[in-house]
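Residues per chain, in single letters:
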Amino acid sequence: MPERDGFSLKSCSLCPIRCGANRFIGPGACLAGALPRVALVMKHHWEEPPISGTAGSGAVFFSGCNMRCVFCQNHDISQKSAGEEKSADALADIFLYLQLQGAHNINLVTPAPHVLTLAEAIPLARKNGLTIPIVYNTNAFERVRALKLLDGLIDVYLPDIKFYSPQLARLWGGREDYFSFAAPAIAEMDRQVGALQTDESGLAQKGLIVRHLVLPNMRSDSYALIKWLRNHIGSKTRLSIMRQYTPMHAARFMPSLHRRVTDREYKSVVDYALSLGFTDIFTQKKEAASAAFVPEF
Ligand code: SF4
């Protein structure tokens, strides 16, 4: 689906970068071409319990990304064009394959540049028998207008809210305007799916889970993000505070990012969220901060 609702892959403006690339001729700033490249399809067992459950989440990792996080754990695919191109038909088949393998859901990882193809693939998969929920696993650097194309198609939104400060967003994520887009994007996700709903086994069926990765030396930025969430989305939001930060990629060479998060740093962010009224918080054990939890591509 090269064009829809004012969006065209011939002059792409799907994400906040609005680079205008003709993706039929060459990749955009996110490295995505006209068709999504799928770098890895796997059952993922290390997501939050309502997502991974006992049988695993059916993860589909797209290559390319519209951010340039210096600590990216998936940099092998996010900053390269790895994997095979897949049409909407082929994506729908992958979703059905994962369902057949017993996955609890379809987990679309870094999907923003592929909204047009997904808006075609998801209804096709539903028509062909897909019944499990679709999870949209995003860095939240999204345009509200593009997210509206997915209204009614996505069951669970899983945004990772990264930076509040424009300076940090520029230094560590390559996008100074990150929060000015992530904030309305998360509000739109909340409007579409609302609070998290689970089935009798505790598996996510619909709703919003907001992730935040705690970084070393940046607690004040975490506090600002959590406060914004409380004030604008509400303290009933399911929050996932992650401590899996491991210095990888360019971050290994950066003095403020070259270590893991301390117990004190992590606990203070969780305590802050509790003090603002968040009660249902997913937390991670210290062991999560290991390269062993990063899928190989
Ligand atoms: S999704 Fe990719 S190609 Fe489209 S505007 Fe964003 S960076 Fe450019």
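Nothing here was measured: the structure is a model prediction, and the numbers come from that model.

Caption draft 1: Structural detail: the overall build of the chain. The helix and strand tally for the chain stands at nine helices and 12 strands. Over its C-alpha atoms the chain spans a radius of gyration of 18 Å, differing by no more than 12% from the 19 Å that the globule rule assigns to 297 residues. Considered along the principal axes of its C-alpha atoms, the chain spans approximately 50 × 45 × 35 Å. By element, 52% of the accessible surface of the chain is carried by carbon and sulfur atoms, the whole surface being about 12,300 Å². Side-chain charges in the chain split into 33 positive and 27 negative, and the spacing between the mean points of these groups amounts to 5 Å.

Caption draft 2: Molecular detail of the pairing of strand 11 (residues 238–242). Burial within strand 11 is extensive, with five of its five residues counted as buried. Both faces of strand 11 are covered, namely the face carrying Arg238, Ser240 and Met242 and the face carrying Leu239 and Ile241. Across five bridges, strand 10 (residues 204–213) lies against strand 11 in parallel orientation. Bridging across to strand 11, Val210 finds its partner in Leu239. In the sheet, strand 11 pairs with strand 12 (residues 281–283) via three bridges, with the strands oriented parallel. Bridge pairing in strand 12 links Ile241 to Thr283.

Caption draft 3: Structural view of the pattern of salt bridges. Applying the stated criterion across every chain yields a total of 15 salt bridges. Taking the shortest distance from any N to any O, the salt bridge between Asp5 and Arg4 comes out at 3.9 Å. Judged by its relative accessible area of 52%, Asp5 is exposed. Look at Arg4 and you get partly exposed, because its relative accessible area is 28%. The residue Arg211 makes a salt bridge to Glu47 at a minimum N-O spacing of 2.5 Å. You can see Arg211 sitting in strand 10 and its partner Glu47 sitting in the loop between strand 3 (37–44) and helix 1 (49–52), a full 164 residues away along the chain. The same class applies to Arg211 as to Glu47, namely buried. Among the charged side chains, a network of salt bridges with common partners joins Lys148, Asp151, Glu188 and Arg191.

Caption draft 4: Quick look at the packing of aromatic side chains. Scanning the model with the defined rule gives nine aromatic pairs in all. Connected via pairs of aromatic rings, a cluster forms that spans Phe71, Phe141, Phe163, Tyr178, Phe181 and Tyr245.

Caption draft 5: Up close: the nonpolar core. Formed by 83 residues in total, the largest nonpolar core has its most connected members in Phe71, Phe95, Phe163, Tyr178 and Ile241. With eight residues, helix 7 (residues 178–193) is the single largest residue contributor to this core. When near neighbours in sequence (up to four residues on either side) are disregarded, Ile241 contacts His212, Val214, Ile226, Tyr266, Val269, Val270, Ala273, Ile281, Phe282, Thr283 and Gln284.

Caption draft 6: Helix 4 (residues 115–127), seen in detail. The first and last C-alpha atoms of helix 4 sit 18 Å apart over 13 residues, in line with the 18 Å expected at 1.5 Å per residue. Immediately beyond the C-terminal end of helix 4, within one or two residues, lies Gly129, with a positive phi of roughly 115°.

Caption draft 7: Fine view of the site of the ligand. Neighbouring the ligand are the residues Cys12, Ser13, Leu14, Cys15, Ile17, Arg18, Cys19, Arg23, Gly28, Ala29, Cys30 and Pro113. By residue class, the composition of the shell around the ligand is eight nonpolar, two polar and two charged.

Reading the values: rules and limits
Each chain has its residues counted from 1, running along the sequence as written. In keeping with the predicted nature of the model, local features appear solely for residues at pLDDT of at least 70, side-chain atom pairs appear and are counted solely at 80 or more, and the whole-chain, interface and lining totals rest on all residues. Heavy atoms throughout the structure, all of them, feed into the side-chain values; hydrogens and water do not. The secondary structure listing takes helices from DSSP runs of H or I that are at least 4 residues long and strands from runs of E that are at least 2 residues long, numbered from the N terminus. For the radius of gyration, the atoms used are the C-alpha atoms, and the globule rule reads 2.2 Å times the number of residues raised to 0.38. For the accessible areas, the method is Shrake-Rupley and the probe is 1.4 Å, while residue cover comes only from the protein chains on display. Charge counting treats Lys and Arg as positive and Asp and Glu as negative, with His and both chain ends excluded. The atoms used to mark charge sites are NZ of Lys, CZ of Arg, CG of Asp and CD of Glu. Each residue is assigned to one of three classes by its accessible area relative to the maximum for its type, calculated with a 1.4 Å probe on protein chains only: buried under 20%, partly exposed between the two thresholds, exposed over 50%. A strand pair is defined by DSSP finding two or more bridges across the two strands. Think of a salt bridge as a Lys or Arg side-chain nitrogen and an Asp or Glu carboxyl oxygen that are within 4 Å of each other. Classification of ring pairs rests on two measures: the distance between centres of Phe, Tyr or Trp rings, Trp counted by its six-membered ring, which must be within 6.5 Å, and the angle between planes, read as stacked under 30 degrees, edge-to-face over 60 and tilted in between. We define a nonpolar core as any set of buried Ala, Val, Leu, Ile, Met, Phe, Trp, Tyr and Cys residues linked to one another through side-chain atoms lying within 4.5 Å. Note on contacts: a residue pair is in contact if any heavy atoms of the two residues lie within 4.5 Å. A helix is expected to span 1.5 Å multiplied by its residue count minus one. A molecule or strand has a residue near it when one of that residue's heavy atoms lies within 4 Å. Ten residues, namely Ala, Val, Leu, Ile, Met, Phe, Trp, Tyr, Cys and Pro, are considered nonpolar, four, namely Asp, Glu, Lys and Arg, are considered charged, and the remaining ones, Gly among them, are considered polar.

Treat this as a map of the structure, not an account of what it does.
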